[in-house]
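# Chain and residue survey
What follows is the residue order along each chain.
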Amino acid sequence: MKILAISGALRKASTNTGLTRALRDVAPEGVELETATLHGIPLYDGDIESASGKPEVVRTLDAKIRAADGIVIATPEYNFSIPGVLKNALDSAFAEWIRKPVAFVGYGGVGGARAIEQLRGVVIELQMASVKQEVNI
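Just so you know, these numbers come straight off a predicted model, no measurement behind them.

Below, the discussion takes up helix H1 (residues 15-26). For an α-helix, the turn length of 3.6 residues means that residues three or four places apart are oriented alike. The terminal C-alpha atoms of H1, which comprises 12 residues, lie 16 Å apart, in line with the 16 Å expected from a rise of 1.5 Å per residue. Within H1 the residues assigned to the buried category are Asn16, Thr17, Leu19 and Thr20. Take H1 and look down its axis: the buried residues cluster within an arc of 155°, on one side only. For H1, exposure combined with an orientation more than 90 degrees from the buried face picks out Asp25 and Val26. Looking at the buried positions of H1, the neighbouring elements they touch are strand E1 (2-7), strand E2 (32-36), strand E3 (70-74) and strand E4 (101-106). Two or three places before Asn16, at the start of H1, stands the capping residue Ser14, its side-chain oxygen 3.1 Å from that residue's backbone nitrogen.

What follows is the structure, given as structure tokens:
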């Protein structure tokens, strides 16, 4: 089974990015866990995409999502919501997310819970198969 872990944070020392790396260490035998970065994901613009196609960084993310059997998203909370780069990634690669099983993890107590709740709304719209348990550390 192949799982793709994505952090919604860009900071090098992000706790949520650390969570995605730690998942590799605790993954059960037979589970391959790959991490993906959102560095370089541009603001979603359908007009640019129609005229020029998806940027290379988005095509790379698309391919990783397609290859995965499931997704884990680790997200911080920024101003009562998910980070903008995570929302742009969800919007830019939306066709790839449809019907993918997804789980959420977050660090930050109440803030992490708020971000996960916001993320849940986006995931529902994308028709992803959200797991029932989320973890907020």
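Within the largest apolar cluster, 27 residues are counted, with the highest numbers of intra-cluster contacts made by Ile71 and Trp97. Broken down by secondary-structure element, the contributors of at least two residues to this core are E1, helix H3 (56-67), E3, helix H4 (84-92), E4 and helix H6 (110-125). Ranked by residues supplied to this core, first place goes to H6 with five residues. Among all residues touching Ile71, those that are not within four sequence positions of it are Leu4, Ile6, Ile65, Trp97, Lys100, Pro101, Val102 and Ala103. One finds Ile3, Ala5, Leu33 and Ala74 within the second-largest nonpolar core, a separate group that totals eight residues.

It is worth spelling out H3 at this point. Helix length check: H3, at 12 residues, gives a terminal C-alpha distance of 17 Å against a target of 16 Å (1.5 Å per residue), a fit within 8%. Where H3 is concerned, the buried positions are Val58, Leu61, Asp62 and Ile65. All buried residues of H3 project into a common sector of 105° when viewed along the axis, lining one side.

Parameters at a glance
- Residues numbered from 1 in each chain as written.
- Predicted model: local features only at pLDDT ≥ 70, side-chain atom pairs only at ≥ 80, totals over all residues.
- Heavy atoms only, no water.
- Helix = DSSP H or I, 4+ residues; strand = E, 2+ residues; numbered from the N terminus.
- Expected span 1.5 Å × (residues − 1).
- Buried < 20%, exposed > 50% of the residue type's maximum accessible area, 1.4 Å probe, protein only.
- Arc of directions from axis to C-beta.
- Contact = heavy atoms within 4.5 Å.
- Polar contact = N/O pair within 3.5 Å; in protein donor to acceptor, adjacent residues only side chain to side chain.
- Core = buried A, V, L, I, M, F, W, Y, C linked by side-chain atoms within 4.5 Å.

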